[in-house]
Amino acid sequence: MNNSEEIIKRLEKKLSTFSIDGSTKNVGIVEKNTDGVIVASGLSKAMMAELVVFENRAQGVVLNLDEDSSSIILLDKNADIKEGDSVKTTGILLSIEVSDSIVGRVVGPLGEPLDGKPTIKNGKKMPLEKIAAGVVQREPVNTPVKTGIKAIDTMIPIGRGQRELIIGDRGIGKTAIAVDTIINQKQANKVKGAKPMVCVYVAIGQKQSRVAQIVEKLKENGAMDYTTVVVASASDPAALQYLAPFAGVAIAEYFMEKGQDALVVYDDLTKHAWAYRQISLVLRRPAGREAYPGDIFYLHSRLLERAVKMNKENGGGSITALPIIETQANDISAYIPTNVISITDGQIFLQPDLFNSGFRPAIDAGNSVSRVGGAAQTSAIKSVAGKMKLELAQYNNLAAFAQFGSELDEATTKQLERGKRTIEILKQPQYGSLPEALEYLSVWLVTNGALDDIAVSEISRFESEYHDYMKRKEPKLLDELSTGTKPTEDILRKIEKSAQDFKKGFK
């Protein structure tokens, strides 16, 4: 008996026991297995993105439908699939089971627990792939996501329902900004009248040790109480890394459908693009620019388009997306960075030069932008931020000019000194996020000249001690500033008096 006859006999034997509803139409045979991508024939009823099961109970998902065969990517790391094995469709689109108990958990892209706790059961099946809400179901972005980072909240504000890209070279604080934003929601959620945010942190292709550090830091700061971490680490198959961000947004959609606000961090989409490229080239999809398949733009656009602010008729929930992109040698004109820049509503651009010179977070105000702008700021922050942005822009222009000038007039010198203090006040340590009231006071100090007679080297200490002073002496004033409404003349007079009183005792 030759090899092909043997395979046919093996298949006939399996089909007698391995069938769906007594029918054999949804059962196929494995033709070949190439790097975790299975080509199977006979799956006449297979759907795109459908879950399929092999005879050894391993799972896969259909990613290509050809005339005579289907291509399936394996979801199990160690599944031993051989030529001639049988495979059946399930009629189920790939989903993740989500319930309220997923908050505080660390899970894989298919919902499997990675924290040693029980599997989530009796939840709602949320499809990983879903068409984004249409224009009619949405409403304009008008509520801020408070990051607690002065440079972002004042100059590059993020709104609920926005997609704001964090972009920059390796190791200059991209993840730090995202993690600080998640941690800051603890104090932002406590503000009277604030709508709490659920957070989802998606780690794609990261080292497990690094993800463990982030989870530990979130626990330390009490942020795991409202956060879910989805992990597809560097050692996981490309298929799981490809599915991880879709799992993250599916979890966020569960809460959005309940009328809640959610924040999703994709860390990072560069590694997601690498994983998709790996799968696509094995699937023999045609490669285009830089060997990425032609639909890599569509991949990220349909993911990020699911970030939305729903209108009241559709529950009023929202999903805010913070995708992260890693550039090489500061090149934002490469293929994947330009793709994601064009999909998002603005970008926070981090500069290695600023980072190395000690300006952290190393945000390049000139290249960073929020296309939602003032709509995502409270009246209080808006009233001081405009003046600061203008002064910073003027300083950057003057500083370049002043290098060539030996004698400067008094007005120019004054502007340069003010600019130095503005830059100093925007510096902030990691995990040092501030509530809005203290952010307002810091920006007010520099824009109203209260720091003009303080040495640049003392600005950081002055700010820190002034904040402590205000917490002790003026808690009611801080409560009024926390509401986000534009301060009245009476409040501004109190702030001015408190700054003068503090300066008298500042050594």
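Everything numeric here is computed off the predicted structure, so don't read it as measured data. (Residues numbered from 1 in each chain as written. Predicted model: local features only at pLDDT ≥ 70, side-chain atom pairs only at ≥ 80, totals over all residues. Heavy atoms only, no water.)

Caption draft 1: Representation of the overall build of the chain within the structure. Helix and strand counts for the chain come out as 15 helices and 17 strands. Considered along the principal axes of its C-alpha atoms, the chain spans approximately 100 × 50 × 40 Å. Here the chain holds 507 residues, and the buried ones make up 54% of them. Within the chain, contacts between residues at least 6 apart in sequence are counted, and of these 73% link residues at least 24 apart. Counting only carbon and sulfur atoms, one obtains 51% of the accessible surface of the chain, whose full area is about 22,900 Å². Side chains of the chain give 64 positive and 64 negative charges; the mean places of these two sets differ by 4 Å. (Helix = DSSP H or I, 4+ residues; strand = E, 2+ residues; numbered from the N terminus. Buried < 20%, exposed > 50% of the residue type's maximum accessible area, 1.4 Å probe, protein only. Contact = heavy atoms within 4.5 Å. Areas by Shrake-Rupley, 256 points an atom, 1.4 Å probe, with all protein chains shown as cover. Lys, Arg positive; Asp, Glu negative; His and termini not counted. Charge placed at Lys NZ, Arg CZ, Asp CG, Glu CD.)

Caption draft 2: View of the layout of surface pockets. Each pocket or cavity is described by its volume, and for the largest pocket that value is around 750 Å³. Contributing to the lining of the largest pocket are 34 residues, with Gly 173, Lys 174, Thr 175, Ala 176 and Arg 210 lying nearest its centre. Elements supplying a minimum of two residues to the lining of the largest pocket: α3 (174-190), α4 (208-220) and β15 (318-326). Broken down by element, the lining of the largest pocket gets its largest block of residues, six residues, from α3. Residue composition of the lining of the largest pocket, by class: 13 nonpolar, ten polar and eleven charged. (1 Å grid on protein atoms, 1.4 Å probe; cavity = no way out; pocket = protein on both sides within 12 Å on 5 of 7 lines; lining within 4 Å. Points joined across faces, edges and corners; volume = space filled by probe spheres on them. Nonpolar A, V, L, I, M, F, W, Y, C, P; charged D, E, K, R; others polar.)

Caption draft 3: Inspection of the pattern of salt bridges at higher detail. Evaluation of the coordinates by the stated rule reveals 32 salt bridges. Among the salt bridges present, the one from Arg 163 reaches Asp 345, with a minimum N-O distance of 2.8 Å. Taken together, the positions of Arg 163 in the loop between α2 (150-155) and β10 (165-168) and Asp 345 in the loop between α8 (335-343) and β16 (346-349) put the pair 182 residues apart, joining distant regions of the chain. With relative accessibility at 11%, the residue Arg 163 sits in the buried group. In this structure, the salt-bridge partner of Asp 268 is Lys 271, at a minimum N-O distance of 3.2 Å. Assigned by exposure class, Asp 268 and Lys 271 land together as buried. One salt-bridge network, in which partners are shared between bridges, spans Arg 138, Arg 163, Glu 305 and Asp 345. (Salt bridge = Lys/Arg side-chain N within 4 Å of Asp/Glu carboxyl O.)

Caption draft 4: Quick look at the side chain of Thr 147. Residue position: Thr 147 is located in the loop between β9 (124-127) and α2. For Thr 147, a relative accessible area of 1% puts it in the buried group. A polar contact of 2.9 Å, which involves the side chain of Thr 147, links it to the side chain of Asp 153. The residues contacting Thr 147, other than those within four sequence positions of it, are Ile 152, Asp 153, Ile 158, Asp 180, Thr 181, Asn 184 and Ser 433. (Polar contact = N/O pair within 3.5 Å; in protein donor to acceptor, adjacent residues only side chain to side chain.)

Caption draft 5: Geometry of helix α7 (residues 296-304). The element α7 is extensively covered by neighbouring structure, given that seven of its nine residues are classed as buried. Residues of α7 that are buried: Ile 296, Leu 299, His 300, Ser 301, Arg 302, Leu 303 and Leu 304.

Caption draft 6: Local environment of the pairing of strand β4 (residues 59-65). For β4, the tally of buried residues reaches five of seven residues, placing the bulk of the element in the interior. By the bridge criterion, three bridges tie strand β3 (residues 50-54) to β4 in an arrangement that is antiparallel. Note that in β4 the partner of Val 53 across the bridge is Gln 59. Here β3 hands over to β4 after four residues, with Arg 57 in that stretch at a positive phi of 75°. Where β4 and strand β5 (residues 69-74) come together, five bridges link them in antiparallel fashion. Among the inter-strand pairings, Leu 65 is bridged to a residue of β5, identified as Ser 70. (Pairing = 2+ DSSP bridges.)

Caption draft 7: Region of interest: the sheet that holds strand β6 (residues 86-93). The strand order β1-β2-β5-β4-β3-β6 describes a closed barrel built from six strands, whose pairing is antiparallel. Each strand axis lies, on average, 45° off the axis of its neighbour in the sheet, ignoring direction. (Axes fitted to C-alpha atoms, helices over the stretch in contact; angles between N-to-C directions.)

Caption draft 8: View of helix α10 (residues 379-402). For α10, spanning 24 residues, the distance from its first C-alpha to its last is 35 Å, which sits close to the expected 34 Å at 1.5 Å a residue. Within α10, the full set of buried residues consists of Ala 380, Ile 381, Val 384, Ala 385, Met 388, Glu 391, Leu 392, Tyr 395, Leu 398 and Ala 402. Check the buried side of α10 and you find it contacts α2, α11 (410-426) and α12 (436-447). (Expected span 1.5 Å × (residues − 1).)

Caption draft 9: Spatial organisation of empty space enclosed by the protein. Applying the stated criterion to the full structure yields one cavity of 30 Å³ or more. If you add up the space inside the largest cavity, you get close to 90 Å³. Lining of the largest cavity is provided by Pro 144, Val 145, Lys 146, Asp 153, Pro 157, Ile 158, Ala 376, Gln 377, Thr 378, Ile 381, Glu 436 and Glu 439. A per-class count over the lining of the largest cavity returns six nonpolar, two polar and four charged.

Caption draft 10: Local environment of unusual backbone geometry. A cis amide bond links Asp 267 to the next residue, Asp 268, at an omega of -5°. Position of Asp 268 relative to the elements: it lies in the loop between β13 (261-267) and α6 (269-282). In this structure, Pro 361 follows Arg 360 across a cis peptide bond, with omega equal to 0°. One non-glycine residue with positive phi stands out, namely Ala 49, at about 65°. Secondary-structure assignment places Ala 49 in the loop between β2 (37-41) and β3. Positive phi outside glycine occurs at Tyr 431, with the angle close to 60°. On the secondary structure map, Tyr 431 appears in the loop between α11 and α12. By relative accessible area, Tyr 431 is classed as partly exposed at 35%.

Caption draft 11: Representation of the nonpolar core in the model. Core analysis: the biggest nonpolar cluster contains 71 residues, and Ile 182, Leu 218, Val 229, Ile 348, Tyr 466 and Ile 495 have the highest contact counts within it. When residues in this core are grouped by element, the largest group, eight residues, is from α12. Every residue in contact with Ile 182, bar those within four places of it in the chain, is listed here: Cys 199, Tyr 201, Leu 218, Ala 223, Tyr 226, Thr 227, Leu 263 and Val 265. Counting residues in hydrophobic clusters, the runner-up holds 63 residues, among them Val 107, Leu 128, Val 249 and Ala 321. (Core = buried A, V, L, I, M, F, W, Y, C linked by side-chain atoms within 4.5 Å.)

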